[in-house]
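# A structural walkthrough
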Amino acid sequence: MTDQTSTQKVGTYILEQALEIAQSTYERQRQDLDDADFNNEPKLSIKNTTYLIKLIGKSLQKDTVNAFAAIEEFGEESGELVQDENEMIISLIVTVPLIREAIWEAIEPIVENLNMKPRDVIQLPSRIDPLLDQFVYSYGSSYITSNQQLETKYNSTLEELSTPIIPIIQNLAILPLVGNIDTYRATLIMEKTLDQSRKLELDHMIIDLSGVVTMDTMVAKHLFDITEALSLMGVQVTLTGISPSISISAVQLGIDLHKLTIKSSLHNALTELAVLSNPSV
């Protein structure tokens, strides 16, 4: 019996026992944990663990090069799906060492039955361990990349929602601001507002502050700077829904509110601009 045949037989055995080895991995995790802790412990699913073990078995049956490619692809796919499966990157740290233990425990009988020489047995880790390491690397890299992409997408969406410039009629748009406004968001509002005003060729913009309850003086300064910047671009600004706290901040900053066009409500501003019909007429 050649070394190659012995290795192939070990690979076949791993393939046949893949599910049992995966279940053994789970049992190892369960040993020192009660049911509640075990259910909450991050881990690869039985399905994914079984598939990974089968890839290792196939690598021993055939060639490691193809197995590396398959495991790399599987790791990337698993990392991309990790959010949907509620798995965590730490699942690798918890599970992979146990997979190694379970595989070696499972193949011990067949290694003895095949009377494999110590030299041949020592070569097995050089086939198995790099595959598990490759899976960890591919999984982790894909997980990080996927999370970075999600974060970028989330931040982009958040930025769009934080400056919802709504065109009403030609050359007129509304910027309804809601929630807390910090310095970063105030800067973002200015950038987006000036950019959209140019793109939409606006003559008039209504900035509605009725959804903003509080605002510190620094942020208030940013807000009033926006009105000045828009004026320099030829865009007339009407402020609506100013709360008492914003008024106080404006006074503390020494801003002359009489130079600004201010209406008590968005409805009143739109009515005056003849966008809405005036019910009093």
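Our structure's up above, just so we're on the same page.
Residues numbered from 1 in each chain as written. Predicted model: local features only at pLDDT ≥ 70, side-chain atom pairs only at ≥ 80, totals over all residues. Heavy atoms only, no water.

Below, the discussion takes up the sheet that holds strand 3 (residues 204-211). Reading across the sheet, the five strands line up as 1-2-3-4-5 and stay open at both edges, with mixed pairing between neighbours. Sheet topology places strand 1 (166-169) and strand 5 (261-263) at the edges, where each strand pairs with a single neighbour. Neighbour-to-neighbour, the strand axes of this sheet turn through a mean angle of 25 degrees, independent of strand direction. As paired strands, strand 2 (residues 172-178) and strand 3 are joined by six bridges and run parallel to one another. Residue pairing in the sheet places Leu 175 in a bridge with Ile 207 of strand 3. (Pairing = 2+ DSSP bridges. Helix = DSSP H or I, 4+ residues; strand = E, 2+ residues; numbered from the N terminus. Axes fitted to C-alpha atoms, helices over the stretch in contact; angles between N-to-C directions.)

This part takes up the pairing of strand 1. One ladder, built from three bridges, connects strand 1 with strand 2; its direction is antiparallel. Looking at the pairing, Ile 166 lines up with Ile 174 of strand 2. Linking strand 1 to strand 2, which pair antiparallel, is a turn of two residues; within it Asn 171 sits at a positive phi near 75 degrees.

Its place among the elements puts Ile 166 in strand 1. Residues Ile 166 and Ile 206, 40 residues apart in the sequence, show an inter-C-alpha distance of 9.7 Å. Here Ile 166 is in contact with Leu 172, Ala 173, Ile 174 and Pro 176, once residues within four sequence places are set aside. (Contact = heavy atoms within 4.5 Å.)

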